[in-house]
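# Structural characterization, general
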Amino acid sequence: MTDRPTEGPGAVAESRADRPMVECQSLVRIYRTGSTARGGVEVQALQGLDLTVREGELLALVGASGSGKSTLLGILAGLDTPSAGTAVVDGTDLGALKRRERTAYRRRTVGVVQQQTASNLLPYLTARENVQMPMAYVGAPRQERAARAMELLDLMGIAQAADRTPAMLSGGEQQRVAIAVALANRPRLLLADEPTGELDTATSEEVFGALRTANSELGTTVLIVTHDALVADQVRRTVRIRDGRTSTEVLRHRADTGADGALTAEEYTVLDRVGRLQLPREFTESLGLAHRVRLVLEHDHISVWPDQDRPPAER
Ligand code: ADP
Ligand code: MG
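Below is a short write-up of the structure.

Analysis parameters
- Residues numbered from 1 in each chain as written.
- Chains lettered and ligands numbered in written order.
- Predicted model: local features only at pLDDT ≥ 70, side-chain atom pairs only at ≥ 80, totals over all residues.
- Heavy atoms only, no water.
- Helix = DSSP H or I, 4+ residues; strand = E, 2+ residues; numbered from the N terminus.
- Buried < 20%, exposed > 50% of the residue type's maximum accessible area, 1.4 Å probe, protein only.
- Contact = heavy atoms within 4.5 Å.
- Areas by Shrake-Rupley, 256 points an atom, 1.4 Å probe, with all protein chains shown as cover.
- Expected span 1.5 Å × (residues − 1).
- Salt bridge = Lys/Arg side-chain N within 4 Å of Asp/Glu carboxyl O.
- Pairing = 2+ DSSP bridges.
- Axes fitted to C-alpha atoms, helices over the stretch in contact; angles between N-to-C directions.
- Parallel < 35°, antiparallel > 145°, perpendicular 65-115°, else oblique.
- Left-handed = near helix turned anticlockwise from the far one by under 90°.

### Observations concerning the overall build of the protein
Summing up its helical and strand segments, the protein has eight helices and 13 strands in all. Relative to its full complement of 315 residues, the protein shows a buried share of 43%. When contacts within the protein are restricted to residue pairs at least 6 apart in sequence, those whose partners lie at least 24 apart make up 61%. Of the accessible surface of the protein, which amounts to about 17500 Å², a share of 50% is contributed by carbon and sulfur atoms.

See below:
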C-alpha cells in the first residue's frame, strides 16, 4: 500500500495528508435490467475499480461516456451501493452503512454538484436560501445558517446574487451557488459530476476556479468528473477510467529547473493487486506492441519490448 517503512528509524507518522480520503478496492457495480430469467440484460458498469484519493487532493476523473464515472460518483455520494468490492470514504465503509448512517453520511460527509445546473437548486428559493437548506436539515441554528451562507456565497464570488432565484442567474452563477450548497455542511469530500458540461469555456473556468477555491481555502478534498481537457490539464493528478476500471494516471508537477516553472506531465498506470497493468494505447501503437511483449527486469525498472520472435507485420 505504501512505500514508506511503517516502523523503525525511517518510519513516518501517518499525517493527515497521507490518509486516503477515498479508497476503492475491486469495486463492482452490476445493473440488471428486466428479469434475467427472461433474457434481461446485465451491464457491468464498474468492473473491479481501484482508486485512492488523498485527503486534500483535487483530482480529475476522465473517461469516455459510459465508462462508469457517474456510477462511481453515485456510490461515493452514498446514493447507490456497490455489487462487490469496497468503497471507504473518510474511514467510513459505504457498504456497511445502516439507513440512518447513510442519511447522515449524505448530509454531512459528502457534497455533490451535478452537471444539470437546474437540478442542483430549488427554483423557488433564492441563492442564499438554497445554501441554507442543507444546514436546516442538520439542525444548525438560524443565525449560523445565515452567516455561513453569506460566507460561502462570498467565497464563490457571488455574494451579489444572494437574493436572486436560480432563474435570475447565469449557468455559471447557478453552478457556483450549487457548489456553495454542496459545501454548506462542511463536507470532507466534494463530488462534481461534469459540473462544466453545459457551460462555455469562459464560464467553465469560473466554475472550475470556484471548485479550486473550495479545495485551497477550505481544504475540502475535491473529485471532479470532466470531459473538459482544460480542467483536466489544470489539476495535478488526472485518473482515466476505462471500461469501469481505472487505467492510466497523469501526474503534473512544477519542474524544479526551467525558468517558466512550467507544469510537466508524467503518465502513470495503475498496477492492480494481482500485478496487472494497462499500457496506454498511444504507447503500444507507436511501438507495435500486441499480444505478447518481452519483459526485462533491470535493477531499478522493468522494460517492455516488442516480441522479437514475430515479424513486425504480425505484431
Ligand atoms: P459515465 O458517467 O462514465 O458516462 P455511467 O456510470 O453513467 O457512465 O454508466 C456506465 C454504464 O452503466 C453504461 O453502460 C450505462 O449504460 C450503464 N448504466 C448506468 N446507469 C444504469 C442504470 N440505472 N441501469 C442500467 N444501466 C445503467
Ligand atoms: Mg456520467
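What follows picks up the thread again.
### Describing helix H5 (residues 171-183)
For H5, built from 13 residues, the straight-helix expectation of 18 Å at 1.5 Å per residue is met to within 8% by its first-to-last C-alpha distance of 18 Å. Here H5 lies mainly inside the structure; 12 of its 13 residues are buried. Among the residues of H5, those classed as buried are Gly-172, Glu-173, Gln-174, Gln-175, Arg-176, Val-177, Ala-178, Ile-179, Ala-180, Val-181, Ala-182 and Leu-183. Close packing links the buried residues of H5 with strand S6 (110-113), helix H3 (127-137), helix H4 (142-155), strand S7 (189-193) and helix H6 (201-218).

### Notes on the pattern of salt bridges
One pass over the structure, following the stated rule, counts nine salt bridges. Salt-bridge contacts for Glu-57 lead to Arg-237; the nearest nitrogen and oxygen are separated by 2.7 Å. Of this pair, Glu-57 sits in the loop between strand S2 (41-54) and strand S3 (58-62) while Arg-237 sits in strand S9 (residues 237-242); the two residues are 180 residues apart in sequence, bridging distant segments of the chain. Across the pair Arg-188 and Asp-90 runs a salt bridge, and its minimum N-O distance is 3.0 Å. Linking Arg-188 in the loop between H5 and S7 with Asp-90 in the loop between strand S4 (84-89) and strand S5 (92-93), this pair joins segments that are 98 residues apart in sequence. Here the residues in one salt-bridge network are Glu-55, Asp-90 and Arg-188, joined through shared partners.

### A look at the pairing of strand S13 (residues 302-306)
As paired strands, strand S12 (residues 293-297) and S13 are joined by five bridges and run antiparallel to one another. Paired with Arg-294 across the two strands is Trp-305, which belongs to S13. Between S12 and S13, which pair antiparallel one after the other, the connecting turn spans four residues.

### A few points about the packing of H3 against H5
Contact pair H3 / H5: the axes reach a minimum separation of 7 Å and the direction vectors enclose 25 degrees. Comparing their axes, H5 and H3 come out roughly parallel. Like other packed secondary-structure pairs, H3 and H5 cross with a definite hand, here right-handed. Along the contact surface, H3 presents Ala-127, Asn-130, Val-131 and Pro-134, while H5 presents Val-177, Ala-180 and Val-181.

By themselves these figures say nothing about function.
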